[in-house]
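# Descriptive analysis of the structure
Listed here are the chains, written in short residue letters.
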Amino acid sequence: MSAAAAPALAPPFTPEHEELRAEVREFIETELRPHAREWEEARWFPDEVFGKLAERGFLGLKYPVEYGGSDRGYLADAVFTEELARCGSGGLAAGIGAHIGIATPPVWKFGTDDQKRRYLAPAIRGESIAALAITEPDAGSDVAGLRTRAEAVDGGWVVRGSKTYITNGVRASFYVTAVKTTQEGGHHGISFLIVEAQDAVRSSKLEKLGWHASDTGEVVFDEAFVPVENLLGSEHGGFQLIMANFQWERLLMALGAVEAMHVALERAREAASGTPTQSVRHKIAELSVRARGCRDLTYFALGLFVTGHNAIQEVTQAKLLSQRAAYEVMDECLQLRGEAGYFEDFELQRAARDARLGPIGGGTDEIMREILGRTMGL
């Protein structure tokens, strides 16, 4: 692609997108952020949050009108994701984001009309909650090495195996689940099945360093029968489904991290109001440059993605750069707040803690470097 064909650094946000941004921000500031500390301490947020989001149309921004969405495209979803970073709880953002950004897209992209009406439409209405079940105790980033097996039987499959670190794993109504459908498994032996919650054994919520409001759980499939009409996409074609949504998932992570950095910098600048020392001015200036660089790269990748270009390299770069930067920027901003006497800034403390997940989730830094190396021909 020539430089002339590449989009500008800023994606084509329109006045309509900025109106949406204001609407989302108002909702988050009034309906979500005031409860962030309460829900973090409870290690849970109410399922009713999904219903409130649905009432405002936020669960179906990119989805077709015929299934209850508003068909406003990926950019509208990007605006929502950016603003969600202002909710004050990484766990809350993760639970909502998993439903919208990683669990329902495969149903939209690869599902039959019947599957979309049975699963996507209720998810958009906030009546059901979705989870993506890929990661296993013995197969993290190595998705080709998963062991959960689906054995073909009359009328469908019987699934045996377990998944772990599943966001919305405890509360989900259904699981978009990766399984082996051949003895060998691997890239050409994986399929996706939609498994309903009543057919799974769900653990209690796992304890974690951060994301406390998120119900990250283990899911066990013990002789779970899945009917043939719940095969998502083609049999043995599941690896394509996994790869198809990775770019969007990683863009969402980059967008969230970038906005979270800017929120932290707003709080650092607030603490430095008046006459800051030269060292504080320089530190904030330096951190602002890092955040701006991450935003520009992320917006460039987003612009490529929404205009249909192959953006694997740019999306991977944005994910790799933004997650580590967010973790480090949060730490520096927390230090600046502390030096200014703001010792009980619990929201920023949570943000710093929650940012530790960034270099791990959606593909570790090591995986990102491997992908980049390969795209560079190394």
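Residues numbered from 1 in each chain as written. Predicted model: local features only at pLDDT ≥ 70, side-chain atom pairs only at ≥ 80, totals over all residues. Heavy atoms only, no water.

### Side note on the overall build of the chain
Where we set the bar: Runs of E in the DSSP output that reach at least two residues are strands. Runs of H or I that reach at least four are helices, and both are numbered from the N terminus. For the radius of gyration, the atoms used are the C-alpha atoms, and the globule rule reads 2.2 Å times the number of residues raised to 0.38. The buried label applies to any residue whose accessible area, calculated with a 1.4 Å probe on protein chains only, is under 20% of its type's maximum; exposed applies above 50%, and partly exposed to all values in between. Using a 1.4 Å probe, accessible areas were evaluated by the Shrake-Rupley method; residue-level cover was limited to the displayed protein chains. Working convention for charge: Lys and Arg count positive, Asp and Glu count negative, and His plus the chain ends are omitted. The atom standing in for a charge is NZ when the residue is Lys, CZ when it is Arg, CG when it is Asp and CD when it is Glu.
Across its full length, the chain holds twelve helices and eight strands. A compact globule built from 378 residues should have a C-alpha radius of gyration of about 21 Å, and the chain, at 21 Å, falls within 12% of that. Along the longest, intermediate and shortest principal axes, the C-alpha atoms of the chain span 75 × 50 × 40 Å. Per-residue burial for the chain yields a buried fraction of 55% across its 378 residues. If you sum the accessible surface of the chain, you get close to 16400 Å²; carbon and sulfur atoms cover 52% of it. Counting 40 positive and 54 negative side-chain charges, the chain places the averaged centre of each group 4 Å from the other.

### What about the side chain of Glu 314?
Spelled out, the test is: Between Lys or Arg on one side and Asp or Glu on the other, a salt bridge is scored when a side-chain nitrogen of the former is within 4 Å of a carboxyl oxygen of the latter. Pairs of residues are marked as contacts when any of their non-hydrogen atoms sit within 4.5 Å.
Relative to the helices and strands, Glu 314 is located in helix 10 (residues 312-339). Buried within the structure, Glu 314 lacks any salt-bridge partner; its nearest side chain of opposite charge belongs to Arg 250, at an N-O separation of 12 Å. With residues up to four places along the chain from it excluded, the contact list for Glu 314 reads Leu 297, Phe 300, Ala 301 and Leu 304.

### Concerning the pattern of salt bridges
The final tally for this structure, using the stated rule, is 39 salt bridges. For Arg 33, the salt bridge is made with Glu 347, and the minimal N-O distance between the two is 3.1 Å. You can see Arg 33 sitting in the loop between helix 1 (15-32) and helix 2 (36-42) and its partner Glu 347 sitting in helix 11 (residues 346-354), a full 314 residues away along the chain. For Arg 33, a relative accessible area of 26% gives the class partly exposed.

### Let's talk about the packing of aromatic side chains
As a reminder, the rule being used: Classification of ring pairs uses Phe, Tyr and Trp, with its six-membered ring standing for Trp, and accepts pairs whose centres are within 6.5 Å; under 30 degrees between planes counts as stacked, over 60 as edge-to-face, and the remaining range as tilted. For a lysine, the NZ atom is tested; for an arginine, the CZ atom; a charge sits over a ring if that atom is within 6 Å of the ring centre and within 35 degrees of the ring normal.
Overall, the coordinates contain twelve aromatic pairs when judged by the stated rule. On the basis of an interplanar angle of 55° and a centroid distance of 5.9 Å, the ring pair of Tyr 74 and Trp 108 is categorised as tilted. Here Trp 108 lies in helix 6 (residues 105-110) and Tyr 74 lies in helix 4 (residues 73-84), a separation of 34 residues in the sequence. It is Arg 21 that lies over the ring of Phe 13; its NZ or CZ is 5.3 Å from the centre. Over the face of the ring belonging to Trp 44 we find Arg 171, whose NZ or CZ atom lies 4.0 Å from the ring centre.

### Describing the side chain of Asn 230
Rules: Pairs of N or O atoms are called polar contacts if they sit within 3.5 Å, as long as, within protein, a hydrogen donor faces a hydrogen acceptor (for residues adjacent in sequence, only side-chain-to-side-chain pairs).
Assignment of secondary structure puts Asn 230 in the loop between strand 7 (216-227) and strand 8 (231-232). Here Tyr 119 takes part through its side chain, which lies 3.0 Å from a polar atom of the side chain of Asn 230.

### Regarding helix 9 (residues 278-306)
Quick reminder of the rule: Expected helix span is computed as 1.5 Å times (number of residues minus one).
Here helix 9 spans 42 Å end to end across 29 residues, near enough to the 42 Å set by a 1.5 Å rise per residue. One or two positions beyond helix 9, positive phi appears at Gly 308, with a value near 85°.

### Here we look at unusual backbone geometry
With a phi angle near 70°, Asn 168 is a residue other than glycine that sits in the positive phi range. Following the sequence through the fold, Asn 168 ends up in the loop between strand 3 (156-167) and strand 4 (174-180).

### Quick word on the environment of Glu 38
In this structure, Glu 38 sits in helix 2. Placed 78 residues apart in sequence, Glu 38 and Lys 116 show a C-alpha to C-alpha distance of 35 Å.

### Regarding the pairing of strand 3
Under the convention used in this document: Between any two strands, pairing holds if DSSP finds at least two bridges.
The pairing of strand 2 (residues 149-153) with strand 3 spans five bridges and is classified as antiparallel. When the sheet's bridge partners are listed, Val 153 is paired in strand 3 with Gly 156. The antiparallel pairing of strand 2 with strand 3 creates a hairpin that spans two residues between the two strands, and Gly 155 there sits at a positive phi of about 90°. When strand 3 meets strand 7, the two strands line up antiparallel, connected through ten bridges. Bridged to Gly 161 within strand 7 is Phe 221.

### Some details on the state of the cysteines
Applicable threshold: The criterion for a disulfide is a pair of cysteine sulfur atoms lying within 2.5 Å.
Taken as a whole and judged by the stated rule, the model has zero disulfides. Here Cys 87 is not disulfide-linked; the sulfur of Cys 333 is the nearest cysteine sulfur, at 18 Å. Residue Cys 87 is classed as buried on the basis of its relative accessible area of 1%. Here Cys 333 is not disulfide-linked; the sulfur of Cys 294 is the nearest cysteine sulfur, at 13 Å.

### Details of the nonpolar core
Where we set the bar: Only buried Ala, Val, Leu, Ile, Met, Phe, Trp, Tyr and Cys residues count toward a nonpolar core, and they belong to the same one when joined by side-chain atoms within 4.5 Å.
Within the largest apolar cluster, 71 residues are counted, with the highest numbers of intra-cluster contacts made by Leu 32, Phe 80, Ile 96 and Phe 192. Considering every element that reaches this core, the biggest residue donor is helix 8 (residues 238-271), with nine residues. Those residues in contact with Phe 80, other than ones at most four positions away along the chain, are Val 24, Leu 53, Phe 58, Leu 61, Ile 96 and Ile 100. Grouped together as the second largest cluster of nonpolar side chains are 22 residues, Val 280, Ile 284, Ala 291 and Val 329 included.

### Some words on the environment of Asp 199
Looking at where Asp 199 falls in the secondary structure, it is placed in the loop between strand 5 (190-196) and strand 6 (201-202). Among the residues examined, Asp 199 registers a relative accessible area of 31% and is labelled partly exposed. The sequence separation of Asp 199 and Leu 372 amounts to 173 residues, and the corresponding C-alpha distance is 39 Å. Residues within four places of Asp 199 in sequence aside, it is in contact with Phe 221, Ala 224 and Phe 225.

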